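Residues per chain are reported as follows:
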Amino acid sequence: MKISQEEVRHVAKLARLELSDKEVEKFAGQLSSVFEYMDVLSEADTEGVMETSQVTGLENVSDKDEVVASVSREDLLACTKLPVESKQILVKAAIKK
Amino acid sequence: MAKLNELTIGEVASGLKAKKFSSVEVTSDCLKRILERNKELNAFVLVDSEGALKMAEEADKRLASGAAGVGVLTGVPVGIKDIFATRGVRTTCCSPGLQDFVPPYDATVIEKLREACAVFLGKTNMDEFACGASTEHSFFGVTKNPYNLDKVAGGSSGGSAAAVADKMCPYSLGTDTGGSIRQPASFCGIYGMKVTYGRVSRSGVTAMASSWDTVGHFARSVDDIATVLGAISGHDRRDMTTPDVSVPDYSGFLGKGVKGVKIGLPKEYFSEGVEKETRDVVMKAVAKLEKAGAKIVEVSLPTTKYAVAVYYICMPAELSANLARYDGIRYGEISSADDASDLVDFYFKTRGKFFGDEIKRRIMIGTYVLSAGYMDAYYKKAMKVRTKIIQDFSEAFKKADVLIGPVSPFPAFGIGEKVNDPLAMYTADALTIPASAAGLPSLACPCGMSAAGLPIGLQVIAPHFEEGRCLQVGEAV
């Protein structure tokens, strides 16, 4: 299947990736050849076959609800490159005034 | 006496026990070797000489006191793929987005090795976020193959493989999602263990494709593979995909020989798509096993031809979700906040600037196959074919105890040869992906050389949690 430059722009938007025009052109070509290759799956007969997402058969694993020692708030906040105020990370406005 | 960096884990451990040398001496020899060779190979992206020598001193103290907690790995140096969170030591996933990220905690496997008083030499090179088969997609540049500097070391754990092959360290840690341990092990002529899905905890290891990812290791002997496997396996509360399956004494599988063991050869793994020289070298090793008493049977894995397509749909889908967390807020590089008009724009700019090409490609493939209108045609279809791949293996294991085939269709390829052709790079994983799809353990073993002087490896695939069989047969290769 051929992937158009418009589709590349749309998918990049969904994935929150800023792409240059040059990247859009390059990726359209490369993704087209990848998706052409994927078409091989249409040959496989999957009538009545269940989907697999977990391979060792685990289901609904749960853990005791108890507090255990973890990384401190200070250590975690030290990881950000954005300003920290009142033990919170300050980000750009999400909603415009 | 051989140089100390050339010894195996077993040899180092017995030398330390007999007080023939100290951990500081072993560590110094490893660091010296790295210093001599790393400029050329680029196997390590961070060498922590000071930290390593300090850990070695600690280990020597523990060894001298004869205290409890002295084990085979005490005082033995290790190289760590730069995807494992190491407390206080930079962990980048070889991505520009994490170029100076220092994690505040350890991965579970790192914690276990710390408790064993292992010596951390530094962090090894890899494809960005483990996405690649050649280590060419690394922010720090390609790792070269110790056997031929014009060739790749493989990937994504290329740095860890080259480091062990070049005797910079006796063992190293890696991850294998679709072949990222086995393929570089094969390209570099060493052993590489891909474990059963869930055998080893992935807590603190950056996620790529969560229903495929495994943690494993490289070494120069099967004995060493068994030692490390025992040390890192087992249930972990912090990774709920690790079932409570007991960890056997893996050394107990060694020295048993292969008499009466049924070895299946999947005929698809010896087809035209695999270079003749590779097939011949692997078949020579199979003949040796037959001579040693193994029974050789032909099996078929007809879905092998779909495996690459299944993988390059499922993996990017999971990857695109996992990498959504790299938004520049809590950690990682950021686009200058002043450039962005609002929060969403900040995400676009940060992610556009700090992901490499291969990551962008895979995020887009993943986003596409999960988007409205395509989910059934691609993602769900691939998950169904994945079921068929698993069924193929179940049938094959009715006839055989283990399966053997080449790791890669060809030996190490040239640097730059496939980097601009993503599809060619993807199909290089054709023989390692199926076992990953089914979550099976597989041990890559060196089995010969090409005429051009490059290593060729085979893989021994076993049923879930039967790593012991991989070791038993691998030892006889």
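A.B. asks: Explain the interface of chain A and chain B here, please?
C.D. replies: Accessible area lost upon the coming together of the parts serves often as the stated size of an interface. Listed as interface residues are 44 residues of chain A and, on the opposing side, 54 residues of chain B. At the level of secondary structure, the elements contributing two or more residues to the side of chain A that touches chain B comprise helix 1 (5–14), helix 2 (21–38) and helix 3 (73–77) of chain A. Considering each element in turn, the side of chain A that touches chain B owes the most residues, seven residues, to helix 2 of chain A. Each residue belonging to the side of chain A that touches chain B can be placed in one class, and the counts come to 28 nonpolar, eight polar and eight charged.

A.B. asks: How should I be thinking about the pairing of strand 8 (residues 214–219) of chain B in this particular structure?
C.D. replies: Within a regular beta strand, the side chains point alternately toward one face of the sheet and then the other, so they alternate between its two faces. Of all six residues that make up strand 8 of chain B, six are buried, and the element is covered over most of its length. Of the two faces of strand 8 of chain B, the one holding B:T214, B:G216 and B:F218 and the one holding B:V215, B:H217 and B:A219 are both buried throughout.

A.B. asks: Quick question: what am I supposed to make of helix 7 (residues 222–232) of chain B here?
C.D. replies: For an α-helix, the turn length of 3.6 residues means that residues three or four places apart are oriented alike. Along helix 7 of chain B, ten of the eleven residues are buried, which leaves the element largely enclosed by surrounding structure. One or two residues past the end of helix 7 of chain B sits B:G234, with phi positive at roughly 125°.

A.B. asks: I tried to follow helix 10 (residues 343–354) of chain B on my own but got confused; where do I start?
C.D. replies: Its twelve residues give helix 10 of chain B an end-to-end C-alpha distance of 16 Å, which sits within 8% of 16 Å, the value for a rise of 1.5 Å per residue. Among the residues of helix 10 of chain B, those classed as buried are B:F346, B:Y347, B:F348, B:K349, B:T350, B:R351 and B:F354.

A.B. asks: How do you make sense of the packing of helix 7 of chain B against helix 15 (residues 467–476) of chain B when you look at a structure like this?
C.D. replies: Helix-helix packing is characterised by the crossing angle of the two axes and by the distance between the axes. Residues and elements named next belong to chain B. Here helix 7 crosses helix 15 at 165°, and the two axes come no closer than 9 Å. If you check the angle between helix 7 and helix 15, you find them roughly antiparallel. Between helix 7 and helix 15 lies a crossing whose hand is left-handed. For the pair formed by helix 7 and helix 15, the contact residues are V222, I225, A226 and L229 on the first element and E467, L471, G474 and E475 on the second.

Reading guide: rules and limits
Residues numbered from 1 in each chain as written. Chains lettered and ligands numbered in written order. Predicted model: local features only at pLDDT ≥ 70, side-chain atom pairs only at ≥ 80, totals over all residues. Contact = placed C-beta atoms within 7 Å. Helix = DSSP H or I, 4+ residues; strand = E, 2+ residues; numbered from the N terminus. Nonpolar A, V, L, I, M, F, W, Y, C, P; charged D, E, K, R; others polar. Buried ≥ 20, exposed ≤ 12 C-beta atoms within 10 Å, placed from the backbone. Expected span 1.5 Å × (residues − 1). Axes fitted to C-alpha atoms, helices over the stretch in contact; angles between N-to-C directions. Parallel < 35°, antiparallel > 145°, perpendicular 65-115°, else oblique. Left-handed = near helix turned anticlockwise from the far one by under 90°.

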